[in-house]
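Overview (structure and organization)
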Number of protein chains: 4
Amino acid sequence: MMKGVYSVLPTPFTPGGEIDVPSFKRVIDLYIRAGVDGLTASGVTSETARLSDAERLSMLEAVMAHVNKRVPVVIGASTEGLRTCIELSKKAKALGAAAVMISPPRMPKLNSEAVVRHFRSVAAAIDIPIIIQDYPPVSGFTMEASLLVRIARELPSVRTIKLEDAPTPYKIARVLERADGLTIGIFGGLGGTYLLEELMAGATGAMTGFAVPEILVNVVRLFHAGERERAAEAFYCNVALMRFEFQEGIGMAIRKEILRRRGVIAHAGIRPPGTPLEASTQKGLDSLLNWFLQQNTEIKWTLD
Amino acid sequence: MMKGVYSVLPTPFTPGGEIDVPSFKRVIDLYIRAGVDGLTASGVTSETARLSDAERLSMLEAVMAHVNKRVPVVIGASTEGLRTCIELSKKAKALGAAAVMISPPRMPKLNSEAVVRHFRSVAAAIDIPIIIQDYPPVSGFTMEASLLVRIARELPSVRTIKLEDAPTPYKIARVLERADGLTIGIFGGLGGTYLLEELMAGATGAMTGFAVPEILVNVVRLFHAGERERAAEAFYCNVALMRFEFQEGIGMAIRKEILRRRGVIAHAGIRPPGTPLEASTQKGLDSLLNWFLQQNTEIKWTLD
Amino acid sequence: MMKGVYSVLPTPFTPGGEIDVPSFKRVIDLYIRAGVDGLTASGVTSETARLSDAERLSMLEAVMAHVNKRVPVVIGASTEGLRTCIELSKKAKALGAAAVMISPPRMPKLNSEAVVRHFRSVAAAIDIPIIIQDYPPVSGFTMEASLLVRIARELPSVRTIKLEDAPTPYKIARVLERADGLTIGIFGGLGGTYLLEELMAGATGAMTGFAVPEILVNVVRLFHAGERERAAEAFYCNVALMRFEFQEGIGMAIRKEILRRRGVIAHAGIRPPGTPLEASTQKGLDSLLNWFLQQNTEIKWTLD
Amino acid sequence: MMKGVYSVLPTPFTPGGEIDVPSFKRVIDLYIRAGVDGLTASGVTSETARLSDAERLSMLEAVMAHVNKRVPVVIGASTEGLRTCIELSKKAKALGAAAVMISPPRMPKLNSEAVVRHFRSVAAAIDIPIIIQDYPPVSGFTMEASLLVRIARELPSVRTIKLEDAPTPYKIARVLERADGLTIGIFGGLGGTYLLEELMAGATGAMTGFAVPEILVNVVRLFHAGERERAAEAFYCNVALMRFEFQEGIGMAIRKEILRRRGVIAHAGIRPPGTPLEASTQKGLDSLLNWFLQQNTEIKWTLD
């Protein structure tokens, strides 16, 4: 069962809009140094939908080469068609992925039976674990707890969920109730904004791209070590930043700006039509980071 | 222009599901003691949609009588039809409301022109201020900044917005940019989860039902007094609780439970089909309140 | 099991926006003369959402008095709260309703378990049949075939569905497959636009407000009499009109205009914010009715 | 200004799921023989979302080679990112496309300003006409009439709309009202189900993949020749088939099956997770085609 903290990688771009490989490598190194248990490449927040197939592949190759087995890497392989999803999953395996992460395919009138068929077909085609991504705003489909457990029961390689259907602690509790002893790994996401409550409800870790993974690692380690009060202290004080980063529509721009201020990515730009950072968000971030750095003396970064 | 903190009132119920008037009065008193600038009755989180028309009216009468002009009261008057909306707005005025709050009417294929007509018709029918409620998940319609400013320009009595279309600080900045000097009052909402950033972006206050309004009042007063660092300190440390309360689908159950633990409402139940509090949420709340009470020694409540 | 054609009643208004009772009576008489098997009052297309509770009730009383048991009447009793839904269902029974029709309650984060609980609670509170309205655009929730069958299996009084989740013939086939012999009555809706295919898939009738119910009655009778080719002939030639009437957002305005031209309602207006009929739609309707009346010599109405 | 009938090409597959080029060529020939004014490749119903980038490109090359300038070809170039959209548009131009068709980019929190920027950026990068695809169920964004006209006014190369936001005749009338003399080309779509009414409202043609384009061509030609009654006769009698084909979620499977029965594509399969044809839909189609062939003696096809 997969667990711990997996950081979802952003895709840094040059001012001209090309993938910025040196920045990419620095992000990877920062995340690994932060002590994460693994990395996730080609996630939703990696701006994957704005890359061509060729860019997606070359980016994945660069990631795998630079990580060089220091930590396991999950590769996002969601596509709207089954055939392209299987192709991509096979490439992911060939590249050395520890697992692929797959969302229900986006489609009008999708239903539970079609979702089961989709995962069954992918599971039959590859022999590495599949993580179900449960994020309805992107897939357009809500998988109820009973469906997630049904898939896990039927398909032994599909027993980990990146569960991002709010309220997440509540839903995690529902999934584990129904699992009735079957081991299911559950990663929280949503920028870490409910990490502690997710762990309390039975999550085995967090998979998100929050720009200060040191905090996530700290909370998860303390929690898993049974130090619940210290985990809580470490979480409640810091969730103000996670909450700010995790704003709909502008979250990726904020995340990249924090990573830029941390000195790892050269340029915070996102690909259009993504909404770029503007003055009011910058001001909110300035204020928060000033306060935050006073609280967290062990985390250092370069401010402009 | 309306500003400051307006607390949206919950509707407490007896175990049998009747409106619990004594609890209602205690909630009102707690909010007024907390120093709020006004109250809002019959909002979305007042479970208004689960009341009959007769209950809604008798509840409003009870609120107005108990408040007894200690603070201004805004009355939510959204309905799906124009005619019922005007009727309700007139009743609100007759009851002494300082303003009514109205959402775009829920309707398939609604568009901007129909929204303008709706507010124009209501504004023509009543002579108290109208607050636009901008909460797309409930109305099903997104009002762009340009539409909100257009309405404010055309209708002098419709120049306050309860703005809850995330990311709210970003949208507030867009509205004020376009307002180009026209005075528009903007209340943040969303349980207070972005209160500080909303104020920084130009919001004039907050209108939400967060169960510890003392915190909202403190942040807004410090901010308006120019004490921005102290406002920030007061906000960032406490937003963990607002975030927890403001969970989709279960937020009202959490809010009522906090109010119950504060000793003001007798029973935390919500009307079905609302999701009641269950064990995993209770545990998350226990942990958070333990920590929170250590931070906020001035706020007292009764724990079970 | 309920079957045949049930016509959903519109709510005619006077130019001043009051409920127009004389027109109402003429509509009822037209539908009964057309040979419908029953009527449905207070449906979605009855503009119920734009009536006050008091209007809804007085309208229902007027309907029941005028129908005077000539045909069975189904009363729509959907509300967002369980308590108000039960109250309304009890009133419906007291008024003599043959059944109530209920939609899943509109609520953020609704799920299958909550839907089952809702129907279970209503079924426990009343002793007349409950028809499930399955129209996701209004309820905001999609009930999969397995859920509909689960409810029918558990609750003997909830074994009729007004199924309007497109593609309807496909879904009817799925429901009946899973029903595995359990008798479930299924009414098609959607303005009759897929009536023949719904009957072929196993529907037991149609429940819709199409302004020329004579056609629906004719198709259903021929089909049930085993005259499939004649039913097909009667349907394919006429579906052009049903399709035109059944336009999103403007369908009710068209339906009322046809009823006005048929001489039964005095005024075609709908309550704001509903979109009124405008010139381009009038022209389309003129053209279609001209052609249609040439095809259907047995159906007479007054043209302007 | 573009006008007339443009047929959107399906993508036929072999039983093994590969693109079936010989079938593809036969479809193209059928459409051209039917007298269409142009073809559209890589539309939504071309199952484009289920092709890899490489397949999409090789399919486009095959189309352009086989059409060989017999009719103009529009190429769908919608992608979620601006950069990939421009790249694809440039390839389309290089391949000889008469125009590209582009949808607002799918993105959470998209707004009108971002849509304008998107079209402005694409228009600046290519020098062939751009057709706006206005189909909210796929783009997730509703463009109001005022926005469509604003884009047309600002960008001379973006003055054609494939308008599929129901009710389409109503919206076409709204766009032309606001256009106030500016020439805007409008194609109806939606499988042709409102073709006549769209033409009456001012549409300049139809762009859809309906499997019997002969009918669309006939209606449009008669209408443009001023033979409105004959156009109406040709439309109303045949819309039963368009309506049946245009069913949500299963429409492509029906369309391919009709093309298979017409003898042009070898295999009607669609790529998973698309819903394949099942028995109840087959039966509905059998019945309809039997009737239809009796009405339309000039259209011939091979029945199984």
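For the structure given in this document, a descriptive report is provided here. For clarity, every value in this text was computed on a predicted model and none was experimentally measured.

Side note on the environment of leucine 285 of chain B
- Position of leucine 285 of chain B relative to the elements: it lies in helix 13 (residues 279-295).
- Residue contacts for leucine 285 of chain B: discarding those within four places in its chain leaves Phe244, Ile254, Glu257, Ile258 and Arg261 of chain B.

Observations regarding the sheet that holds strand 2 (residues 38-41) of chain C
Residue and element names in this part refer to chain C.
- Spatially, 8 strands are ordered 1-2-3-4-5-6-7-8 in a closed barrel, and the strand pairing comes out parallel. On average, adjacent strands in this sheet sit at an angle of 25 degrees to one another, irrespective of strand direction.
- Note: strand 2 against strand 3 (residues 73-76), 3 bridges, orientation parallel. When the bridges of strand 3 are listed, leucine 39 appears paired with valine 73.
- Across the sheet, helix 2 (residues 53-67) touches strand 2 and strand 3, and the angle it forms with strand 3 is around 175 degrees.
- Against the sheet, helix 3 (residues 82-95) contacts strand 3 and strand 4 (99-102), and its axis sits at roughly 150 degrees relative to strand 4.

Description of the relation of the copies chain B and chain A
- For the pair chain B and chain A, the superposition axis carries a translation of 0.0 Å, the fit reaches an RMSD of 0.0 Å, and the rotation angle comes to 180 degrees. Here the transformation between the copies is reduced to the relation of a two-fold axis.
- A share of 100% of interface residues in chain B that are also interface residues in chain A marks the association as one of identical surfaces.

Things to note about the pairing of strand 5 (residues 130-134) of chain D
Residue and element names in this part refer to chain D.
- Burial analysis of strand 5 places 5 of its 5 residues in the buried class, which makes it a mostly covered element.
- Alternating positions in strand 5 separate into two faces, Ile130, Ile132 and Asp134 on one and Ile131 and Gln133 on the other, with burial throughout.
- One ladder, built from 4 bridges, connects strand 5 with strand 6 (residues 160-163); its direction is parallel. Pairing of aspartate 134 across the sheet is with leucine 163, part of strand 6.

Here's the deal with the interface of chain B and chain A
- Taken together, the contacts link 35 residues of chain B with 35 residues of chain A.
- Overall, the association of chain B and chain A removes approximately 2800 Å² of surface from exposure, summing both partners, and the carbon and sulfur fraction of that is 61%.
- For the interface between chain B and chain A, the tally reads 4 salt bridges.
- A salt bridge links glutamate 197 of chain A to arginine 243 of chain B, with the shortest nitrogen-to-oxygen separation between them at 2.8 Å.
- The tally of links from chain B across to chain A stands at 16 residue pairs in polar contact (both at pLDDT 80 or more).

A word on the packing of aromatic side chains
- As enumerated under the stated definition, the model contains 12 aromatic pairs over all chains in all.
- On the numbers, 4.9 Å between centres and 40 degrees between planes, the contact of tyrosine 236 of chain C with tryptophan 291 of chain D is tilted. One end of the pair, tyrosine 236 of chain C, is in helix 10 (residues 228-236); the other, tryptophan 291 of chain D, is in helix 13 (residues 279-295), on a second chain. Just as tyrosine 236 of chain C is buried, tryptophan 291 of chain D falls in that class too.
- What links up through ring pairs into an aromatic cluster is the set Phe235 and Tyr236 of chain A together with Trp291 of chain B.
- Geometry around tyrosine 170 of chain B places arginine 174 of chain B over its ring, the cationic atom sitting 4.5 Å from the centre.

Some thoughts on the relation of the copies chain C and chain B
- Take chain C, turn it by 180 degrees, move it 0.0 Å along the axis, and it overlays chain B with an RMSD of 0.0 Å.
- Comparing interface residues between copies, 100% of those in chain C also lie at the interface in chain B; the contact surface is shared.

Concerning the interface of chain C and chain B
- Across the contact, 26 residues belong to chain C and 26 residues belong to chain B.
- With both sides pooled, the region where chain C packs onto chain B buries about 2300 Å², and carbon together with sulfur makes up 53% of that total.
- When residues of chain C are sorted by the area they lose upon contact with chain B, Glu80, Arg83 and Pro273 of chain C head the list and together hold 26% of the total.
- Applying the counting rule to chain C against chain B returns 6 salt bridges.

Quick notes on the pattern of salt bridges
- Considering all chains together, one arrives at 104 salt bridges over all chains under this definition.
- Residue glutamate 80 of chain A pairs with arginine 106 of chain D through a salt bridge whose shortest N-O separation is 2.6 Å. Taken as a pair, glutamate 80 of chain A in the loop between strand 3 (73-76) and helix 3 (82-94) and arginine 106 of chain D in the loop between strand 4 (99-102) and helix 4 (112-125) lie in two separate chains rather than in one.
- The structure contains a network of salt bridges with shared partners spanning Glu18, Glu55 and Arg271 of chain A together with Arg83 and Glu87 of chain D.

Section: the sheet that holds strand 6 (residues 160-163) of chain B
Residue and element names in this part refer to chain B.
- Taking strand neighbours around the barrel as the criterion, the 8 strands line up as 1-2-3-4-5-6-7-8 in a closed arrangement whose pairing is parallel. For this sheet, the mean inter-axis angle between neighbouring strands, taken without regard to orientation, is 25 degrees.
- Helix 2 (residues 53-67) contacts strand 2 (38-41) and strand 3 (73-76) of the sheet and is inclined by roughly 175 degrees relative to strand 3.
- Strands strand 1 (4-8) and strand 8 (205-208) of the sheet are contacted by helix 9 (residues 213-224), whose axis makes an angle of about 165 degrees with strand 1.

Brief notes about the nonpolar core
- In terms of nonpolar packing, the biggest core is built from 201 residues, with Leu39 of chain C together with Leu39 of chain D touching the most fellow members.
- The residues contacting leucine 39 of chain C, other than those within four sequence positions of it, are Tyr6, Ser7, Leu9, Ile28, Tyr31, Ile32, Val67, Val71, Pro72, Val73 and Val74 of chain C.
- Core analysis: the next-biggest nonpolar cluster, separate from the first, contains 199 residues, Ile32 and Ile250 of chain A together with Ala231 and Trp291 of chain B among them.

Digging into the packing of helix 1 (residues 21-33) of chain C against helix 2 of chain C
All names here are of chain C.
- Between helix 1 and helix 2, the least distance of the axes is 10 Å, while the angle of their chain directions is 45 degrees. Looking at the two axes, helix 1 sits oblique to helix 2. Note that helix 1 runs across helix 2; the crossing there is right-handed. Across from Phe24, Lys25, Ile28, Asp29 and Ile32 in helix 1, the residues of helix 2 making contact are Met59, Val63, His66 and Val67.
- For the contact of helix 1 with helix 2, the class distribution of residues is 6 nonpolar, 1 polar and 2 charged.

Conventions we followed
- Residues numbered from 1 in each chain as written.
- Chains lettered and ligands numbered in written order.
- Predicted model: local features only at pLDDT ≥ 70, side-chain atom pairs only at ≥ 80, totals over all residues.
- Heavy atoms only, no water.
- Helix = DSSP H or I, 4+ residues; strand = E, 2+ residues; numbered from the N terminus.
- Contact = heavy atoms within 4.5 Å.
- Pairing = 2+ DSSP bridges.
- Axes fitted to C-alpha atoms, helices over the stretch in contact; angles between N-to-C directions.
- Least-squares fit on C-alpha atoms with pLDDT ≥ 70 in both.
- Buried < 20%, exposed > 50% of the residue type's maximum accessible area, 1.4 Å probe, protein only.
- Buried area = accessible area lost by both parts, 1.4 Å probe.
- Salt bridge = Lys/Arg side-chain N within 4 Å of Asp/Glu carboxyl O.
- Polar contact = N/O pair within 3.5 Å; in protein donor to acceptor, adjacent residues only side chain to side chain.
- Phe/Tyr/Trp six-rings, centres within 6.5 Å; stacked < 30°, edge-to-face > 60°.
- Lys NZ or Arg CZ within 6 Å of the ring centre and 35° of its normal.
- Core = buried A, V, L, I, M, F, W, Y, C linked by side-chain atoms within 4.5 Å.
- Parallel < 35°, antiparallel > 145°, perpendicular 65-115°, else oblique.
- Left-handed = near helix turned anticlockwise from the far one by under 90°.
- Nonpolar A, V, L, I, M, F, W, Y, C, P; charged D, E, K, R; others polar.

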